[in-house]
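The primary structure of each chain is shown beneath.
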Amino acid sequence: MGQKRAVLVGINYPGTDGELKGCLNDVARMRRCLVDRFGFDEACIRVLADADPATPPPTGANIRQELERLVADARPRDVLFFHYSGHGLQLPAETGEDDDTGYDECIVPCDLNLIKDQDFTELVAKVPDDCLFTMVSDSCHSGGLIDKTKEQIGNSTKQNKIQIREREMRPPSGTGLCSSFPRIVRGVFESVGIHLPRRGHKQSSNNAQSGGQEPDTKTNASISNRSLPLPTFINMLKDKTGKHDVGVGSIRTTLFHHFGDEASPKIKRFVKVMVAKLRHDGKLDDGKEVVHPLALREAQVEQDDAHSVQDVYAARVTVPRNGVLISGCQTDETSADATTPDGTSYGALSNAIQSILGGKKRGTAVTNRELVVKARELLSKQGYAQHPGLYCSDEHASLHFIC
């Protein structure tokens, strides 16, 4: 085996409308786990935490830099690991034609400089063969964060959603209309993007508002979620940039203008396409995002850049072969941020992983598939509504978690 290296990111967003409690604790526990259980050298673990002045701030640029370095220095047989605890966000995709879920799933750095699902896809595509990049994202809407990767456990991608709807619409043999009617109703609602709560689930699963807390009757913990509703994110972005005209239709161009070269590569490509189209046609197609006037002046369109929004999604990137994503939930669900009566805070998925690994004798391995199945079972017993997912190749699903 080669080197074992990791990047751990925890963001609690203190003093903001999106403040969380458990993310730094998740990172601290995972760091100890990597050293004590998996044999990582402490010098090979990079931590970025927003409430720890001893670490670099987890800005979008810093996270990207650490991840790029992690992958660029990788050699065959190396073990690469990335853990993220913080907010997740869904942006309506510029076009859903080539996106697995119809949305841009994002993680939210402390400076709001979003890192998007396609950014992770392009990163993992650079991982050399015979080297594995494992990512745990304890955040809302985290299913499918490595876009284009096969969904082993979950229902976040369009293909799996269609298959599940077909199963729910199909009456089981030997039963009448009455027994299948609830599944038919659910299938109709979900086919148009309305996700009904399932029996016994207390967390809201789609477009849940952050900030509110409710008791978890099984663990006696106070529960909030790690989702940033778009209105909350927009207000935070207004405060960050000083721009008060930010709306859903100008999020990407606002990020481009404020962060420039440090913005998401996908956002930069998208804005350049829009600028090129404006210069060519003098207008944008209906329904496309509004381009900020300053972004028009700053964007430099190169000859080899994408020429359409579809090209932005195509991104000229190889489908990632050497990545594993364990998500805290599905794309239309939220991940819980829990605080116990004694003041201990954690993410529900992160806590489940530590509980499962802690129940194993040191040196006893668990596969990626086993870990996700056990996490689902444990979270269900504890009363959580989220459903962790697994995204990777068939071969990697059967490999040991991390190493």
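Residues numbered from 1 in each chain as written. Predicted model: local features only at pLDDT ≥ 70, side-chain atom pairs only at ≥ 80, totals over all residues. Heavy atoms only, no water.

Within an unreviewed UniProt entry, the label attached to the protein chain reads Peptidase C14 caspase domain-containing protein, and the organism entered is Eragrostis curvula.

This brings us to unusual backbone geometry. The phi angle at leucine 112 is positive, at roughly 75°, despite the residue not being glycine. By the secondary structure assignment, leucine 112 is in the loop between strand S5 (103-107) and strand S6 (115-116). With phi around 80°, lysine 148 is a residue other than glycine that occupies positive phi space. With respect to the helices and strands, the residue lysine 148 is situated in the loop between strand S7 (132-138) and strand S8 (151-153). (Helix = DSSP H or I, 4+ residues; strand = E, 2+ residues; numbered from the N terminus.)

Okay, the packing of aromatic side chains next. By the definition in use, this model includes 3 aromatic pairs. Between the aromatic rings of phenylalanine 81 and phenylalanine 401, the centroid separation amounts to 6.1 Å while the plane-to-plane angle is 90°, which identifies the pairing as edge-to-face. With phenylalanine 81 in strand S3 (residues 79-85) and phenylalanine 401 in the segment after helix H13 (394-397), this pair connects stretches of sequence that are 320 residues apart. One aromatic cluster is present, built from ring pairs that chain together Phe38, Phe81 and Phe401. (Phe/Tyr/Trp six-rings, centres within 6.5 Å; stacked < 30°, edge-to-face > 60°.)

Moving on, we get to the sheet that holds S5. Strand order in the open sheet made by the 3 strands is S4-S5-S6, with antiparallel pairing throughout. Here the strands that pair on one side only, and so sit at the sheet edges, are strand S4 (88-92) and S6. In the sheet, S5 pairs with S6 via 2 bridges, with the strands oriented antiparallel. For cysteine 106, the partnering residue across the bridge sits in S6 and is lysine 116. (Pairing = 2+ DSSP bridges.)

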